[in-house]
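Listed below are the residues making up each chain.
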Amino acid sequence: MTGRCRQRIWVHGVVQGVGFRPFVYTTAAAAGLSGSVRNDSSGAIIEVEGERDHIDGFLDRLRDDPPPLAVIEAVEARDIPIVGGTGFRIVDTSRSDGGRTLVSPDVAMCADCESEQRNPANRRYRHAFVNCTNCGPRFTIIAGVPYDRAATTMADFPMCADCADEYADPTDRRFHAQPVCCPHCGPTLTYLEGSGHRIGAEHGLRRARQLLRDGGILAVKGIGGYHLACDAANDGAVSELRRRKRRGDKPFAVMVADLPAARALCGLDESSERLLSGPQRPIVLLARSPSAPVADSVAPHNPDLGVMLAYTPLHTLLFGLPDDEPGPAALVMTSGNLGGEPICYRDDDAVERLSHLADGWLMHDRPILVPCDDSVVRLVSGSELPIRRSRGYAPLPVALPMSVPPTLAVGADLKNTMAVAEGRYAWLSQHIGDMDDLATLSAFDSAATHLGALTGVHPEVFVADAHPRYRSTSWAHRNAGGRPVRPVQHHHAHIAAVMAEHGLDGSEQVLGFAFDGTGYGPDGAIWGGEVLLADYKGFRRMAQLKYVSLPGGDISVLRPYRMAMSHLWAAGVSWADDLPPVNACPADERAVLLHQLETGLGCVRTSSMGRLFDAVSALAGVRQVVDYEAQAAIELEGLSRSADSGVLRYRFDVDLTVDGPAQVDPAALLRAVVDDVRNGVPAGVIGARFHAAVVRLIVELAAEFATGTNTVALSGGVFQNALLAGITLTTLRDNGFEVITHRRVPPNDGGIALGQLMVGNSG
Ligand SMILES: [Zn+2]
Ligand SMILES: [Zn+2]
């Protein structure tokens, strides 16, 4: 059909702050259409008038070829009466009309802005805050929607005439880029010395780089908070940073200027290069090259290195442009805080709280509204596996397989992330942290408020972990104000999360393997080695790791030798001194431990797979005491990667004859480990054999219990282990199973809120 007509088009999705309106303008102009485009709080509304086939072509481009950062969720078009007129207008944002906008995440500096920063002829040469519609801060500077400059922390920086021209010119890359600025009108960079002396931009930058070269520790204001930086090749500097942060062995991430610098640290392939240089710029966990010029103290005992590329214009200046005296090639970049505290993001707070940690501060006066840590990802069989979903990803929505009422899910207590949802969208917050102090609880409060303001969701339902003593659960009860708080079992939520991100509507069950460290079971035990036949409504526990004692609770989490001894005791293996964990246990502690195991005093029962990894790591002599979560398992995985397991020597016994869940007993496996230890088999080989046994267990249990379903779901923190996840995936697929794993949210507790949303609304 041809002829002139007019259409009103509603575009839903992430279309604000991503250059969508200029794109519409130029596309409409190219098609000879008149009309207008405006943002509203549910996305964008376009009116176009012209020949119908031109309008059809325009709609095709809208759907198929939007700007790179836009996410088009839906396009609806309807004919309306012709009004005539010429030209195409971009209408300023009007008031909110109760719909919903999707705010963009923070985006790393784009290539166009980077080349401007390096071009002496450009007016933004060496500008520390260069950005455009395709890049720059968003989530961390936006207080509410609609997305306009007045609603951002750039409200206090009036644009100069040149910037205002670019902002108003629909053909310019900066058209309606809310944080647009230049050296004349933008934020100011300052270097603050430890003495309190302030030094201006260029001179300050040189001093900051000098401090890093000299082995000092620099606080750098980033997108979502302050980092502490030092020269990654300088062992003295890195060790000093560890000492000041009271950091123990937990690995530091490293930032480099570009891909060639990253190649000097780690072996890269196409997938890892794409991840590293993508607009999210996460920390990517990569195998460290033996020759990497990085001090051992950056990631002690760890075969991997967390690497990210510079992602703000300030970072690239810190590394130095071609004419600068260069700074260190690789910088440790760790969040500016004391171990466990939330990241500092306010300037006064950063100066005060980091005063004993930093020797100088590179800061500026564009406020950060909400803190947002760096994201962490790794690659499993070439696919992205999120470990921490935060900067660059939050608050991109996750589409839900079914519609839900306005809901808030508070997540779990470790690696907390919350989520709100309404209709077919869920928005996960940035990473908040471990809910074990007041500061984190208050960060939780402000993240909830911010997420509410950006999404406009007013929750009618709260969902929380079934653990009665989780702080997140108590928060939900304290803040519910009469609204229902629905409890969801921890491992059920894990499996529901992976189902949701794969778009399963819950009409069919999956066989879920939920392997992690800790989760509250309805029988009061600590679960963590669970095989659940599940949909959103409920689950049946088909199999579990046989309970053993967790003597003294958290003490045994921090001291894997105790977990090994508990497992040995359960397996009937005597505590001989030649076994590394027994040797690591002081004699008096040994006596108390034995008493606890015999009487059950101070013991809880656990089926945790994470603790079994700890026990095997300790038995193999890898790690007896940890100072960060999963350290023993991570080091065991590292040693196992390059080792050959040989024939399948270890196996779990599975008892199918009992009432209730099948019992998976590791006793015989542990006796085989003990034999190997006594025969001098290297730890890596023991580890490889153990990983192979866990994979075989999963495949056997899948064959036994995946009746009526062919879909196997893998979730829980244990599946952050790339070796285990990779082999499990391949082996299950080779055996004909459909396997779903995490791609968008982490398998650890950082992804649990998504599952809570689904289960909590499926009663
Ligand atoms: Zn840009
Ligand atoms: Zn300007």
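The sections below set out a description of the structure shown in this document. (Residues numbered from 1 in each chain as written. Chains lettered and ligands numbered in written order. Predicted model: local features only at pLDDT ≥ 70, side-chain atom pairs only at ≥ 80, totals over all residues. Heavy atoms only, no water.)

### Considerations on the pattern of salt bridges
At step 1: Applying the stated criterion across every chain yields a total of 45 salt bridges.
At step 2: With its nearest N and O atoms 2.7 Å apart, the salt bridge here joins Arg8 to Glu47. With Arg8 in strand β1 (residues 4–14) and Glu47 in strand β3 (residues 43–51), this residue pair connects regions lying 39 residues apart in the sequence.
At step 3: For Glu47, a relative accessible area of 16% puts it in the buried group.
At step 4: Asp578 is paired through a salt bridge with Arg678; the nearest N and O atoms lie 2.6 Å apart. You can see Asp578 sitting in the loop between α15 (560–571) and α16 (580–584) and its partner Arg678 sitting in helix α20 (residues 667–678), a full 100 residues away along the chain. (Salt bridge = Lys/Arg side-chain N within 4 Å of Asp/Glu carboxyl O. Helix = DSSP H or I, 4+ residues; strand = E, 2+ residues; numbered from the N terminus. Buried < 20%, exposed > 50% of the residue type's maximum accessible area, 1.4 Å probe, protein only.)

### Quick word on the coordination of the zinc ion (ligand 2)
Working reference: metal with six octahedral donors, ideal angles 90 or 180 degrees; metal with four tetrahedral donors, ideal angle 109.5 degrees.
At step 1: In the first shell of the zinc ion (ligand 2), the protein supplies Cys160 (SG), Cys163 (SG), Cys182 (SG) and Cys185 (SG), at 2.2 to 2.3 Å from the metal.
At step 2: One can describe the donor arrangement at the zinc ion (ligand 2) as tetrahedral, given that its four donor atoms subtend angles of 104 to 116° at the metal.
At step 3: As a motif over one chain, the donors of the zinc ion (ligand 2) read C-x2-C-x18-C-x2-C.
At step 4: Judged by relative accessible area, Cys163 falls into the buried class, the value being 0%. (Donors = N, O, S within 2.8 Å, 3.2 Å for Na, K, Ca; no water. Tetrahedral: all angles 85-135°; square planar, octahedral: opposite > 155°, others 65-115°.)

### Quick look at the pairing of strand β19 (residues 461–465)
At step 1: In terms of burial, β19 is largely enclosed, as five of its five residues are buried.
At step 2: Direction of pairing for strand β17 (residues 397–409) relative to β19: parallel, over a ladder of three bridges. Bridging across to β19, Leu408 finds its partner in Phe462.
At step 3: Where β19 meets strand β20 (residues 485–488), four bridges bridge the pair, whose relative direction is parallel. Looking at β20, one finds that Val463 is bridged to Arg486.
At step 4: Taking the sense of rotation as the criterion, the β-α-β connection linking β19, helix α12 (residues 471–479) and β20 turns out right-handed. (Pairing = 2+ DSSP bridges. Right-handed = clockwise from strand over helix to strand, strands pointing away.)

### What to know about the packing of helix α18 (residues 609–619) against α20
At step 1: Direction vectors running N to C along α18 and α20 enclose 20°, while the axes themselves pass 10 Å from each other. The orientation of α18 relative to α20 falls into the category roughly parallel. Pair α18 / α20 crosses with right-handed handedness. Contact residues: α18 offers Leu612, Val616 and Leu619, while α20 offers Leu670, Val673, Val674 and Val677.
At step 2: When its residues are assigned to classes, the contact of α18 with α20 shows seven nonpolar, no polar and no charged. (Axes fitted to C-alpha atoms, helices over the stretch in contact; angles between N-to-C directions. Parallel < 35°, antiparallel > 145°, perpendicular 65-115°, else oblique. Left-handed = near helix turned anticlockwise from the far one by under 90°. Contact = heavy atoms within 4.5 Å. Nonpolar A, V, L, I, M, F, W, Y, C, P; charged D, E, K, R; others polar.)

### Some thoughts on the sheet that holds β19
At step 1: Spatially, the four strands line up as an open sheet ordered β18-β17-β19-β20, and their pairing is mixed. A strand with exactly one partner marks an edge of an open sheet, and here the two such strands are β18 (419–428) and β20. Taking the axes of each pair of neighbouring strands and ignoring which way they run, one obtains an average angle of 60° across the sheet.
At step 2: In the packing of α12 onto the sheet, the strands contacted are β17, β19 and β20, and the crossing angle to β19 comes to about 155°.

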